Amino acid sequence: MRSSAVISGALAVLLLVLVAVGWTPLLSFDRSVVETLHRDAVADPGLTQAHRILSDWVWDPWTMRALAAGTVVLLWWERERRLALWVAVTSLLAVGLQQGLKTLVGRDRPQWTDPVDSARFAAFPSGHAMTAMVTCGLLLWVLSLRWRDEWRGWGTLAGVALVSVLGVGWTRVYLGVHWPSDVLGGWLLGWCCVSVAVLTYRWSERRFPRTGPADADSKGSRMGGTE
């Protein structure tokens, strides 16, 4: 997990620099992809509307944040207070990082004379992609710690999470509101946030071990104290 955090963070920083300096090969690739997809989106209104529903409702950042908030409430109710705080703080820090980078980079979104969707604020990184990665990553992590041995549908949920993360990135580019590198940046930053959350949680479990009935009951299914 440490290597995952370092690699994803380093790649995110590299991509940010390339976007900020306007590296021509990257910008050319971004432009070619969005122009091709935009032509398809304009030519097929029905498919475009389906993409808008998925992007603006099913996989919207507020939908993802609601899932994270529900997870925090459930963990708190089950007296998993430390884990609840980790999910809440990681989600909030990810939002702050995302908005801070948008302001810092100030990248323009694709511009069209015939747009099929609209979005506000700067482009890099994609908030939809980053929020989906953070939320789905945290939910799978929590499930692996707390309920994986008790729920046989874990594999199905992992598949849904993967489809959601990849799918929301695709919809943002298809709808012409993000460049491909915006989405990649959101994924990398989101995964880095999840990796750091897991690492710091494991460190806290080793540094400040807990005792009590709730801890004893969940000890067998928690992986937070191992590498």
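These figures come from a predicted structure and were not determined experimentally.

1. Description of the overall build of the protein
Piece 1. Within the protein one finds nine helices and zero strands.
Piece 2. Counting from the amino terminus, helix and strand elements in the protein follow one another as α-α-α-α-α-α-α-α-α.
Piece 3. Compactness check: the protein gives a C-alpha radius of gyration of 19 Å against a globular reference of 17 Å for 227 residues, within 12% of the reference.
Piece 4. For the protein, the spread of C-alpha atoms along the principal axes amounts to about 60 × 35 × 25 Å.
Piece 5. Burial analysis of the protein (227 residues in total) assigns 48% to the buried set.

2. What about unusual backbone geometry?
Piece 1. Looking along the chain, the bond that leaves F124 and enters P125 is cis, with omega of -5°.
Piece 2. Within the secondary structure layout, P125 lies in the loop between α5 (81-105) and α6 (127-146).
Piece 3. With a phi angle near 65°, R79 is a residue other than glycine that sits in the positive phi range.
Piece 4. Tracing the sequence through the fold places R79 in the loop between α4 (61-77) and α5.
Piece 5. Judged by its relative accessible area of 56%, R79 is exposed.
Piece 6. Positive phi is not limited to glycine here, since F121 has a value of about 70°.
Piece 7. Within the fold, F121 resides in the loop between α5 and α6.
Piece 8. Given the relative accessible area of 60%, F121 is considered exposed.

3. Focus: the confidence of the model for the protein
Piece 1. Mean pLDDT over the protein: 89, with 91% of residues reaching 70 or higher.
Piece 2. For the protein, per-element mean pLDDT is lowest for helix α9 (residues 213-218), which scores 42, and highest for helix α2 (residues 24-43), which scores 97.
Piece 3. Note on residues 213-227: pLDDT is under 50 here. Beyond four places in sequence and across chains, it has 27 contacts.

4. Some points on a nonpolar patch on the surface
Piece 1. A grouping of V13, V17, V21 and W23 is seen on the molecular surface, where their side chains present a nonpolar patch of about 390 Å² in accessible area.
Piece 2. A relative accessible area of 59% places V21 in the exposed class.

5. Thoughts on helix α8 (residues 180-207)
Each turn of an α-helix holds 3.6 residues, which means side chains three or four residues apart point in the same direction.
Piece 1. Taking 1.5 Å per residue as the helical rise, α8 with its 28 residues ought to reach 40 Å, and the 41 Å between its terminal C-alpha atoms agrees with that figure.
Piece 2. Here α8 lies mainly inside the structure; 20 of its 28 residues are buried.

6. What about the packing of helix α1 (residues 2-21) against α8?
Piece 1. Between α1 and α8, the shortest axis-to-axis distance is 8 Å and the interhelical angle comes to 150°. Accordingly, the angle class assigned to the pair α1 and α8 is roughly antiparallel. Once α1 is placed against α8, the crossing between them reads as left-handed. The residues of α8 that touch α1, namely those facing R2, S4, A5, S8, G9, L11, A12, L15 and V19, are S181, L184, G185, L188, L189, W191, C192, S195, V196 and L199.
Piece 2. A class-by-class count of the residues in the contact of α1 with α8 yields twelve nonpolar, six polar and one charged.

About the criteria used
- Residues numbered from 1 in each chain as written.
- Predicted model: local features only at pLDDT ≥ 70, side-chain atom pairs only at ≥ 80, totals over all residues.
- Heavy atoms only, no water.
- Helix = DSSP H or I, 4+ residues; strand = E, 2+ residues; numbered from the N terminus.
- Rg over C-alpha atoms; globule rule 2.2 N^0.38 Å.
- Buried < 20%, exposed > 50% of the residue type's maximum accessible area, 1.4 Å probe, protein only.
- pLDDT = per-residue confidence, 0-100.
- Contact = heavy atoms within 4.5 Å.
- Patch = residues over 30% accessible without salt bridge, like charges linked within 9 Å, V, L, I, M, F, W, Y side chains within 5 Å.
- Areas by Shrake-Rupley, 256 points an atom, 1.4 Å probe, with all protein chains shown as cover.
- Salt bridge = Lys/Arg side-chain N within 4 Å of Asp/Glu carboxyl O.
- Expected span 1.5 Å × (residues − 1).
- Axes fitted to C-alpha atoms, helices over the stretch in contact; angles between N-to-C directions.
- Parallel < 35°, antiparallel > 145°, perpendicular 65-115°, else oblique.
- Left-handed = near helix turned anticlockwise from the far one by under 90°.
- Nonpolar A, V, L, I, M, F, W, Y, C, P; charged D, E, K, R; others polar.

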